[in-house]
Amino acid sequence: SIKTLGIIAEGVPEQQTRELIKTAESKGVGMVGPATVGGIKPGCLRIGNTGGMLDNIVMSRLYRPGSIAYVSKSGGMSNELNNIVCRNSDGVYEGVAIGGDRYPGSRFLDHFLRYQDDAGAKVLLLLGEVGGTDEYDLIEAVKSGRITKPIIAWCVGTCASCFATEVQFGHAGAQARGDMET
């Protein structure tokens with residue numbers, strides 16, 4: 001049976017996305033995307049185009065596991081995360097770009113709870129962006145003790161508060177509508 005579904009396509013209509021999420025949840029199937037480049041578990045599995053071309057996979061040592069587990073909204077930035085992590089640690093244990101659409105099939109917390117229970121993931125890394133409040137759910141999980149592993153978090157686009165009107169930062173879900181989303 002299918003355990004996880006990855007939807008790489010961008011521009012999936014929001015109503016259709018909500019229906020896909022509801023169907024996946026009813027069948028107990030995890031969903032990554034839409035608008036994801038996929039995910040990678042070095043030495044094991046690669047879904048989509050995560051990690052980029054072969055030369056980048058080799059340069060980022062994505063052919064062998066490290067101990068850093070990350071979740072990113074941005075696919076392009078997740079490829080840069082692979083490079084940064086490989087240059088400053090023992091490498092990527094697992095990484096997933098959840099996609100930046102308004103209705104993602106999975107959220108930061110879904111993956112971080114999974115990483116918390118995985119002994120191979122030693123340090124958790126989050127790359128968020130303005131729009132939405134999912135990062136706050138992760139903070140609450142840390143405060144409540146559900147997540148105890150060290151976390152490094154960076155939210156890009158926090159300059160949104162400098163603009164007088166709503167700002168679109170590239171992803172459909174990256175529209176900052178208030179202070180909680182910046």
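Before reading on, note that the structure itself is shown above.
Draft legend 1. Highlighting the overall build of the chain. Counting secondary structure elements, the chain contains five helices and eight strands. The order of α-helices and β-strands along the chain, N terminus first, is β-α-β-β-β-α-β-α-β-α-β-α-β. Looking at the chain residue by residue over its 182 residues, the buried ones come to 46%. Once local pairs closer than 6 in sequence are excluded, the contacts in the chain between residues at least 24 apart make up 70%. When the accessible surface of the chain is totalled, it reaches about 9,600 Å², and 56% of it is carbon and sulfur.

Draft legend 2. Spatial organisation of helix α5 (residues 134-143). For α5, every residue scored as buried is listed here: Asp134, Glu135, Leu138 and Ala141. Taken end-on, α5 shows its buried residues confined to a sector of 115°, consistent with a single buried face. The inward-facing, buried residues of α5 contact α4 (108-116), β7 (123-129) and β8 (151-156). In the segment just after α5, Gly145 is the residue with positive phi, at about 90°.

Draft legend 3. Highlighting the pairing of strand β3 (residues 38-41). Pairing of β3 with strand β4 (residues 45-48) involves four bridges; the strand directions are antiparallel. Bridge pairing in β4 links Gly38 to Gly48. Examined bridge by bridge, β3 and strand β6 (residues 92-97) share three bridges and lie antiparallel to one another. Bridge pairing in β6 links Gly38 to Ala97.

Draft legend 4. Examining the nonpolar core more closely. Ranked by internal contacts, the top residues of the largest apolar core, which has 16 residues, are Val71, Phe112, Tyr115, Leu124 and Ile147. If you list the elements that add at least two residues to this core, you get β5 (68-72), β6, α4, β7 and α5.

Draft legend 5. Focus on the side chain of Thr50. Along the chain, Thr50 falls in the loop between β4 and α2 (54-59). Reaching out from Thr50, the side chain makes a polar contact with the backbone oxygen of Gly38 at a distance of 3.2 Å. Ignoring anything within four residues of it in the chain, the contact list for Thr50 reads Val37, Gly38, Gly39, Ile40, Tyr70, Asn79 and Asn82.

Draft legend 6. Quick look at the pattern of salt bridges. Inspection of every chain in the model, using the stated rule, returns five salt bridges. Taking the shortest distance from any N to any O, the salt bridge between Lys41 and Asp118 comes out at 3.9 Å. Of the two residues, Lys41 is situated in strand β3 and Asp118 in the loop between α4 and β7; the sequence distance between them amounts to 77 residues. Among the residues examined, Lys41 registers a relative accessible area of 26% and is labelled partly exposed. A salt bridge links Glu94 to Arg114; the nearest nitrogen and oxygen atoms lie 2.7 Å apart.

Draft legend 7. Quick look at the packing of α4 against α5. Viewed as axis vectors pointing N to C, α4 and α5 meet at an angle of 30°, and their least axial separation amounts to 9 Å. On the basis of the axis angle, α4 is roughly parallel to α5. Between α4 and α5, the contacting residues are Phe108, Leu109 and Phe112 on the first element and Asp134, Glu135, Asp137, Leu138 and Ala141 on the second. Class assignment for the residues of the contact of α4 with α5 results in five nonpolar, no polar and three charged.

Draft legend 8. Focus on the pairing of β6. Counting buried positions over the six residues of β6 gives six, a clear majority of the element. Assessed by its sense of winding, the connection that carries the chain from β5 through helix α3 (residues 75-88) to β6 is right-handed.

Draft legend 9. Geometry of α4. Those residues of α4 not exposed but buried are Phe108, Leu109, His111, Phe112, Tyr115 and Gln116. Buried residues of α4, seen end-on, are gathered within an arc of 165° and therefore sit on one face of the element. Contacts from the buried residues of α4 go to β2 (30-32), β5, β6, β7 and α5.

Reading the values: rules and limits
Residues numbered from 1 in each chain as written. Predicted model: local features only at pLDDT ≥ 70, side-chain atom pairs only at ≥ 80, totals over all residues. Heavy atoms only, no water. Helix = DSSP H or I, 4+ residues; strand = E, 2+ residues; numbered from the N terminus. Buried < 20%, exposed > 50% of the residue type's maximum accessible area, 1.4 Å probe, protein only. Contact = heavy atoms within 4.5 Å. Areas by Shrake-Rupley, 256 points an atom, 1.4 Å probe, with all protein chains shown as cover. Arc of directions from axis to C-beta. Pairing = 2+ DSSP bridges. Core = buried A, V, L, I, M, F, W, Y, C linked by side-chain atoms within 4.5 Å. Polar contact = N/O pair within 3.5 Å; in protein donor to acceptor, adjacent residues only side chain to side chain. Salt bridge = Lys/Arg side-chain N within 4 Å of Asp/Glu carboxyl O. Axes fitted to C-alpha atoms, helices over the stretch in contact; angles between N-to-C directions. Parallel < 35°, antiparallel > 145°, perpendicular 65-115°, else oblique. Nonpolar A, V, L, I, M, F, W, Y, C, P; charged D, E, K, R; others polar. Right-handed = clockwise from strand over helix to strand, strands pointing away.

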